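Spelled out, the chains give:
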Amino acid sequence: MFFFDPMYFVFIGPALLLMFWAQWRVKSTYAAASQVPVRMSGAAAARTILDEAGLQDVGIEQVGGTLSDHYDPSHRVLRLSREVYAGNSAASVGIAAHEAGHALQHAQHYAPLVIRNLAVPVAQFGSGFGIVLIMIGFAISAFANLPGLGQMVIWAGILGFGATALFQIINLPVEFDASNRAKRLLYEMGVVDNHSGAAVASVLNAAAWTYVAATLQSIMIVLYYVMRFGGVGSDE
């Protein structure tokens, strides 16, 4: 039952379905918004947002991949995929402005972003070693006849997954705020009108659902492990 438990899919199934739908939605809205022309490229829109905020020292680089766009706070640079960097479409400026929004958050010490950045190392440890600790704790309880110690190790693993879930929860307002900034700034700059602005909103709103799905999945994984292994020490 450790390696295959149907209850695992009962717990995470809704989140997986939501994630599949969200990813399909991102691809479809991105394709549609890519056909809506605007007067700036994604790189130019991001550069204008950064410059008007006094962030001339934040760079913009073109990188490979599709939808690989991100802001790197350690190097203070926006990295935009080729389509977003050079594209003169609602999809391009929307995504580029979203990443520029993260740079503005960083410069303004936006509290959820600060907390999220502090949580990154713990979340990375939890996602990488949580299951290992749970397996070790299960083995200690089942085979070494040390249920107390095994339970402590299992709960350490569960808390690791909990840190990942907490990171995802903190990440939601960070992403939502970056998207709201992008939509507002693009209107204020005159880069988009009502038609192209609606296309930008459709792409960013679809992307938001991927973050919601990831958060839901993380929470349900924690709840599953609590249900499945939280009582190992007392039951086995």
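Reading the values: rules and limits
- Residues numbered from 1 in each chain as written.
- Predicted model: local features only at pLDDT ≥ 70, side-chain atom pairs only at ≥ 80, totals over all residues.
- Heavy atoms only, no water.
- Helix = DSSP H or I, 4+ residues; strand = E, 2+ residues; numbered from the N terminus.
- Buried < 20%, exposed > 50% of the residue type's maximum accessible area, 1.4 Å probe, protein only.
- Contact = heavy atoms within 4.5 Å.
- Areas by Shrake-Rupley, 256 points an atom, 1.4 Å probe, with all protein chains shown as cover.
- Polar contact = N/O pair within 3.5 Å; in protein donor to acceptor, adjacent residues only side chain to side chain.
- Expected span 1.5 Å × (residues − 1).
- Bend = angle between axes of the 7 residues up to and from the residue.
- Salt bridge = Lys/Arg side-chain N within 4 Å of Asp/Glu carboxyl O.
- Pairing = 2+ DSSP bridges.
- Phe/Tyr/Trp six-rings, centres within 6.5 Å; stacked < 30°, edge-to-face > 60°.

Points about the overall build of the protein chain
Each helix and strand counted, the protein chain has eight helices and three strands in total. In the protein chain, the order of α-helices and β-strands from amino to carboxyl end is α-α-β-β-β-α-α-α-α-α-α. Seen through its C-alpha atoms, the protein chain measures out along the principal axes to roughly 70 × 35 × 25 Å. Here the protein chain holds 236 residues, and 50% of them are scored as buried. When contacts within the protein chain are restricted to residue pairs at least 6 apart in sequence, those whose partners lie at least 24 apart make up 72%. Accessible surface for the protein chain amounts to roughly 11500 Å². Of this, 66% is attributable to carbon and sulfur atoms.

Some thoughts on the side chain of S92
Counting through the fold element by element, S92 comes out in helix α4 (residues 90–107). Using a relative accessible area of 2% as the deciding quantity, one classes S92 as buried. At 3.0 Å, the side chain of S92 and the backbone oxygen of E83 are in polar contact. Of note is the side chain of S92, whose polar atom sits 3.1 Å from the side chain of S89.

Re helix α6 (residues 147–188)
It helps to recall that an α-helix has 3.6 residues per turn; residues three or four apart then point in one direction. Taking 1.5 Å as the rise per residue, α6 with 42 residues should run 62 Å; its terminal C-alpha atoms sit 62 Å apart, in good agreement. The axis of α6 is deflected most strongly, by about 25 degrees, at N171, and proline P173 appears within four residues downstream. Downstream of α6 by a residue or two, G190 has a phi angle that is positive, lying close to 75 degrees.

Some details on the pattern of salt bridges
For the structure on display, the rule yields eight salt bridges. Between E175 and R116 there is a salt bridge, with its nearest N and O atoms 3.4 Å apart. Remark: R116 occurs in helix α5 (residues 111–143) and E175 occurs in helix α6; sequence separation between them is 59 residues. With relative accessibility at 7%, the residue E175 sits in the buried group. For R116, a relative accessible area of 16% puts it in the buried group.

Re the pairing of strand β3 (residues 77–81)
For β3, the tally of buried residues reaches five of five residues, placing the bulk of the element in the interior. Bridge analysis of strand β1 (residues 59–63) against β3 gives five bridges, and the strand direction is parallel. Bridged to I60 within β3 is L78. Sheet topology note: the strand β2 (residues 70–72)/β3 ladder contains three bridges and is antiparallel. Its bridge partner being in β3, Y71 is matched across the sheet by L78. The antiparallel pairing of β2 with β3 creates a hairpin that spans four residues between the two strands, and R76 there sits at a positive phi of about 50 degrees.

Section: the packing of aromatic side chains
Following the criterion strictly, the structure yields seven aromatic pairs and no others. With a centroid separation of 5.1 Å and an interplanar angle of 80 degrees, the aromatic rings of Y8 and Y224 are classed as edge-to-face. With Y8 in helix α1 (residues 6–33) and Y224 in helix α7 (residues 194–229), the pair connects residues that are 216 residues apart, well separated along the chain. A relative accessible area of 23% places Y8 in the partly exposed class.

Quick notes on the environment of G150
Considering the arrangement of structural elements, one finds G150 in helix α6. For G150, a relative accessible area of 0% translates into the label buried. When the C-alpha positions of G150 and R76 are compared, they lie 44 Å apart, and in sequence the two are 74 residues distant. Excluding residues that lie within four positions of it along the chain, G150 makes contacts with G137, I140 and S141.

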